[in-house]
Amino acid sequence: MAGGLLVVLVCVATIAYGAKRIVAEQAAYRGPAAPQCAPSTLNRSSVLPGTSLSVSPLPDSLDSSPHTQISLLGVPPSQLSQIEVNGSLSGKHSGHLIAYSQGDGASFVPSKKFLAGEYVTVTGKIKQAARTSRFVFHFTVSHPDLFPRPKITSNNPAPPSASSEVQSFHSQSQLRPPVVHVTSDTPQSTPGYIFTAPYSGPGQDGPMVFDNSGNLVWFDPLPGGVEATNLQVQTYEGQPVLTWWQGYIPPNGFGEGEEMIYNSSYQQVTRVDAGNGYEADLHDFHLSSNGAALLTVFNPIRCDLTYAGGPRDAAVNDGVFQEIDLKTRMVRREWHSLDHVPLSESHSSPLSSSTTWPFDYFHINSVQQNSAGSTLLSARNTWTLYEINTQTGQTLIKAGSKHGSIKMEKGTATAYQHDAVELPNGTISIFDNGGVPNVHPQSRGIIIALNQQKATDTLLASYEHPRPLSSGSQGNFQILPDGNMFIGWGSEPYVSEFSTTGGLLFDAHLASKEESYRSYRFAWTGTPSYPPSIAASSASSSAPVTVYASWNGATGVASWRLLAGASPSTLSTVASAARSGFETTVSTPGPAAYVAVQALNEAGAVMSTSQTVAG
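What counts, and at which threshold
- Residues numbered from 1 in each chain as written.
- Predicted model: local features only at pLDDT ≥ 70, side-chain atom pairs only at ≥ 80, totals over all residues.
- Heavy atoms only, no water.
- Pairing = 2+ DSSP bridges.
- Helix = DSSP H or I, 4+ residues; strand = E, 2+ residues; numbered from the N terminus.
- Axes fitted to C-alpha atoms, helices over the stretch in contact; angles between N-to-C directions.
- Salt bridge = Lys/Arg side-chain N within 4 Å of Asp/Glu carboxyl O.
- Buried < 20%, exposed > 50% of the residue type's maximum accessible area, 1.4 Å probe, protein only.
- 1 Å grid on protein atoms, 1.4 Å probe; cavity = no way out; pocket = protein on both sides within 12 Å on 5 of 7 lines; lining within 4 Å.
- Points joined across faces, edges and corners; volume = space filled by probe spheres on them.
- Nonpolar A, V, L, I, M, F, W, Y, C, P; charged D, E, K, R; others polar.

Draft legend 1. Inspection of the sheet that holds strand 14 (residues 239-248) at higher detail. Spatial strand order, 13-14-15-16: four strands in an open sheet with antiparallel pairing. Strands at the two margins of the open sheet, each flanked by one partner only, are strand 13 (227-236) and strand 16 (268-272). Across the sheet, the mean angle from the axis of one strand to that of its neighbour is 25°, orientation sign disregarded. Pairing analysis gives seven bridges linking strand 14 to strand 15 (residues 256-262), with the strands arranged antiparallel. Bridging across to strand 15, Trp244 finds its partner in Met260.

Draft legend 2. Seen up close, the sheet that holds strand 20 (residues 331-336). The antiparallel open sheet is built from four strands, whose spatial order is 17-18-19-20. Edge strands, defined here as strands with exactly one partner in the open sheet, are strand 17 (285-287) and strand 20. Taken over all neighbouring pairs, the strand axes of this sheet differ in orientation by 25° on average, direction set aside. Bridge count for strand 17 against strand 18 (residues 292-303) is three bridges, and the pairing is antiparallel. Directly across from Leu287, in strand 18, lies its bridge partner Ala293.

Draft legend 3. Quick look at the pairing of strand 7 (residues 119-128). The pairing of strand 3 (residues 80-87) with strand 7 spans six bridges and is classified as antiparallel. Looking across to strand 7, one finds that Glu84 is bridged to Thr123. Examined bridge by bridge, strand 7 and strand 8 (residues 131-140) share ten bridges and lie antiparallel to one another. Residue pairing in the sheet places Val122 in a bridge with Phe137 of strand 8.

Draft legend 4. Just unusual backbone geometry, in detail. A cis amide bond, omega 5°, links Ser56 with the succeeding residue Pro57. One can find Pro57 in the loop between strand 1 (54-56) and strand 2 (70-73). A cis amide bond links Val436 to the next residue, Pro437, at an omega of 5°. Along the polypeptide, Pro437 turns up in the loop between strand 27 (428-432) and strand 28 (444-451). For Gln82, which is not glycine, the phi dihedral falls at a positive 50°. Summarising the element assignment, Gln82 is placed in strand 3.

Draft legend 5. Structural context of the pattern of salt bridges. Following the criterion strictly, the structure yields twelve salt bridges and no others. Close ionic contact of Asp104 with Arg332 constitutes a salt bridge, the shortest N to O distance being 2.6 Å. One end of the pair, Asp104, is in the loop between strand 5 (95-99) and strand 6 (105-110); the other, Arg332, is in strand 20, and 228 residues separate them in sequence. A residue is classified by how much of its surface remains accessible, and Asp104, at 24% relative accessible area, is partly exposed. On the basis of relative accessible area, Arg332 is assigned to the buried category, the value being 4%. Across the pair Arg333 and Glu323 runs a salt bridge whose closest N-O atoms are separated by 3.1 Å. Taken together, the positions of Arg333 in strand 20 and Glu323 in strand 19 (residues 314-325) put the pair ten residues apart, joining distant regions of the chain. When salt bridges with common partners are traced through the structure, they connect Asp104, Glu323, Arg332 and Arg333 into a single cluster.

Draft legend 6. Structural context of empty space enclosed by the protein. Applying the stated rule across the entire model yields four cavities of 30 Å³ or more. One number sums up the size of the largest cavity: a volume of about 160 Å³. In terms of lining residues, the largest cavity is bounded by 21 residues, among which Ser46, Arg333, Glu334, Trp335 and Gly393 are the most central. Of all the secondary structure elements, the ones that give two or more residues to the lining of the largest cavity are strand 1, strand 2, strand 20 and strand 23 (384-389). Partitioning the lining of the largest cavity into residue classes produces six nonpolar, eleven polar and four charged. Counted as a void, the second largest cavity has a volume near 90 Å³. Looking at the second largest cavity, it is lined by 15 residues, and the ones nearest its centre are Thr196, Pro493, Tyr494, Val495 and Ser519. Every element with two or more residues in the lining of the second largest cavity is listed here: strand 32 (494-498) and strand 33 (504-509).

Draft legend 7. Quick look at the layout of surface pockets. Of the volumes computed, that of the second largest pocket is approximately 820 Å³. Here the residues of the lining of the second largest pocket sort into 14 nonpolar, 19 polar and four charged.

Have a look at this one:
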């Protein structure tokens, strides 16, 4: 399918990029010792004084990319003029403005990259009302940490075909997803399918959909060294789509890849890359109704960590999120943790940090823009939720920080948490890992209420697995449309659904070594663009033919019609069978030279016909 070709192209591009990167690394490490990486004054506004213009890189920041564009957001592009960009080392940068498709700004795209460590000055004019005024701001380009991450040569050794933890199919022999064990299923569970992306265990890795009986619905196997996370259903240009992150996961625990968007026929619609020379991280990705996307980035940069108690020549992982215009692929907005959150708020230690293992002080893992003008962030390694002003980028509230602005009432404190989501009623759902190392006895999904006036945080509900699970990483907590709660347990290979009162409505697990960053439940209708698959076998030329039929990703198949004949042009109906799981078996009443199958919907209409094969 198209995804396989894409993976090949990605891998080829990665190899080419890696060769260039090695050359750059060798040059970079002949340079000076690591510089300072955080500004002296934190939490500055991205809005330029006297204007409504929100800019990135953030004025006076030290962490911008050498490949950065200059984002100017907040006024129609016709009100911007005479943009000039000068680097203290690279000199004047010619370039051009590219307007955002939303009509509220533009990016100045330099014709050449900036140089690490240089001081950049941006000037221009902005027209507001009847007045035109000049603006100016500055930023410093970071020294990217180009030291290679430890590589995993294969994450997906071929399992033995008889493994009890790996599924296999006659009609789709190339698929070997992990087995799903359903241990609890009640009529009260929400209709829909389970969306996950297993990796690191037996079977192949890749985005996967299964039903309440544990039957496979769709699976897209990925080659070794390539992983998928965060498979979910979103809306793109008014249509339901599948989205997921795909790429390489270094042992450091972040992602280097891109966001995939596929339609309900399992055809690639587009893919979304991070801007400004970065690679998209695995942790979060949202499509918005205004034609933009929100994604996370981990930006390792060289940093003198002596002021934080670490080594002088080391690196730090800067937590970044970007808002991308999907039409132009310009960066509308970019936020960096180093500009707003001090290293001292981390529960991780910088002592053993190096250029190979950057200090992962923040670890952004969820970001959500809200219609009221705020953005909610979760950072694993500060144990904190941050509410920031979307326009200015400034932190408004810290819930859980060592120096937080909210009093954490009983049961609300989280540790290494993931997936903070503001719900329509203003409360917040969180997957609270609680470890590792263990801070809480087990992981849980919680709902909290923040009272900004009283500066308090109240626990409204908590959901724990009856078999206590402690997820050292990953995980998510989803509120379903009917009010039920769905939890993906991350590094523990479980998915569970609870009633509002805490009753376990559905529970399933994969093999003991499997992991899935997030798991969800969604309604979904899939009709593949490719035909059904078929395999046939017979004990002898005079014996009936056993036929195996499947259609990877199809959700509307109710039954299968078996066609057989003496030649491919003389096939006729000889049998039928109700759909039974992912692969259905049906036999001819007698010998047959050729066979094919037709997928039928509930009304008995033909959805698609397989190729004809020898019986």
